[in-house]
Amino acid sequence: INRDVFRYAVKNAENAGVADIVLFQKKPLAEFSTKREYGCIICNPPYGERLSEQREVENLYREMGKIYSRLDTWSYFILTAREDFEKFFGKKAAKNRKLYNGKIKTHLYQYFGPLPPRDKSQKPFDNA
């Protein structure tokens, strides 16, 4: 939503040397699309801390569950303070880690997809 945050994310990927393997899309979740067979989504969606936002956030989590379920060869990692996230997402996480975002207790819900096939022409990393 925020153009400056989006630009910072792109710039940080460039600074980290991963811009060529990270794809950024600035669009509503319902319009998310990809042609990539394998990938990883890492997100920190709204928590719905205010009572007035809770229903909206629960609907967002449901929508995420529907869209991400189409990505059966992808992994996704979702950080939220909602302990009932899996109920709305519609799928139990393979792992769930308790973390703190400042003073807010959060959970990192981890969904692991299969690893992509290894390209046999690539050399393994050298520990030199």
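Our subject in this report is the structure included herewith. Fair warning: this is a prediction, and the values are worked out from it, not measured in the lab.

Calculation criteria
Residues numbered from 1 in each chain as written. Predicted model: local features only at pLDDT ≥ 70, side-chain atom pairs only at ≥ 80, totals over all residues. Heavy atoms only, no water. Disulfide = S-S within 2.5 Å. Buried < 20%, exposed > 50% of the residue type's maximum accessible area, 1.4 Å probe, protein only. Patch = residues over 30% accessible without salt bridge, like charges linked within 9 Å, V, L, I, M, F, W, Y side chains within 5 Å. Areas by Shrake-Rupley, 256 points an atom, 1.4 Å probe, with all protein chains shown as cover. Salt bridge = Lys/Arg side-chain N within 4 Å of Asp/Glu carboxyl O. Helix = DSSP H or I, 4+ residues; strand = E, 2+ residues; numbered from the N terminus. Pairing = 2+ DSSP bridges. Axes fitted to C-alpha atoms, helices over the stretch in contact; angles between N-to-C directions. Expected span 1.5 Å × (residues − 1). 1 Å grid on protein atoms, 1.4 Å probe; cavity = no way out; pocket = protein on both sides within 12 Å on 5 of 7 lines; lining within 4 Å. Points joined across faces, edges and corners; volume = space filled by probe spheres on them. Nonpolar A, V, L, I, M, F, W, Y, C, P; charged D, E, K, R; others polar.

### Some words on the state of the cysteines
Put plainly, two cysteines are in a disulfide when a covalent bond ties their sulfur atoms together.
Thought 1: According to the stated counting rule, one finds zero disulfides in the structure shown.
Thought 2: Free cysteine: Cys40, not disulfide-bonded; nearest cysteine sulfur from Cys43 at 9.8 Å.
Thought 3: On the accessibility criterion, Cys43 (18% relative accessible area) is buried.

### So, a nonpolar patch on the surface
Thought 1: Taken together, the side chains of Ile21, Val22 and Phe24 present a nonpolar region at the surface, about 250 Å² in accessible area.
Thought 2: Examined against the element boundaries, Phe24 turns out to sit in the loop between helix H1 (3-15) and strand S1 (39-43).
Thought 3: Note on Phe24: relative accessible area 30%, which makes it partly exposed.

### A short note on the sheet that holds S1
Thought 1: Taken in spatial order, the four strands make up an open sheet running S1-S2-S4-S3, and their pairing is mixed. The open sheet has two edge strands with one neighbour each: S1 and strand S3 (95-101). Direction aside, the axes of adjacent strands within the sheet are offset by 15° on average.
Thought 2: Examined bridge by bridge, strand S2 (residues 74-80) and strand S4 (residues 104-111) share five bridges and lie antiparallel to one another. If you follow Thr80 over to S4, its bridge partner there is His107.

### With respect to H1
Thought 1: Between its terminal C-alpha atoms H1 stretches 18 Å, which fits the 18 Å expected from 13 residues at 1.5 Å a residue.
Thought 2: Where H1 terminates, the next one or two residues include Gly17, which has phi positive at roughly 75°.

### Brief notes about the pairing of S4
Thought 1: The sheet contact formed by S3 and S4 spans seven bridges and is antiparallel. Bridge pairing links Arg97 to Leu108 in S4.
Thought 2: The turn linking S3 back onto S4 is made up of two residues, and Gly102 within it adopts a positive phi angle of 70°.

### Let's talk about the layout of surface pockets
Thought 1: Taken as a whole, the largest pocket encloses approximately 1,600 Å³ of empty space.
Thought 2: Around the largest pocket, the lining is made up of 33 residues, and of these Gln25, Ile41, Ile42, Cys43 and Tyr68 lie nearest the centre.
Thought 3: Contributing elements (two or more residues each) for the lining of the largest pocket: H1, S1 and helix H2 (54-69).
Thought 4: Grouping the constituent residues of the lining of the largest pocket by class yields 24 nonpolar, four polar and five charged.
Thought 5: Empty space within the second largest pocket amounts to approximately 170 Å³.
Thought 6: For the second largest pocket, the full set of lining residues is Tyr38, Gly39, Cys40, Thr73, Trp74, Ser75, Gly113, Pro114, Leu115 and Pro116.
Thought 7: Among the elements of the structure, S1 and S2 are those that each provide at least two residues to the lining of the second largest pocket.

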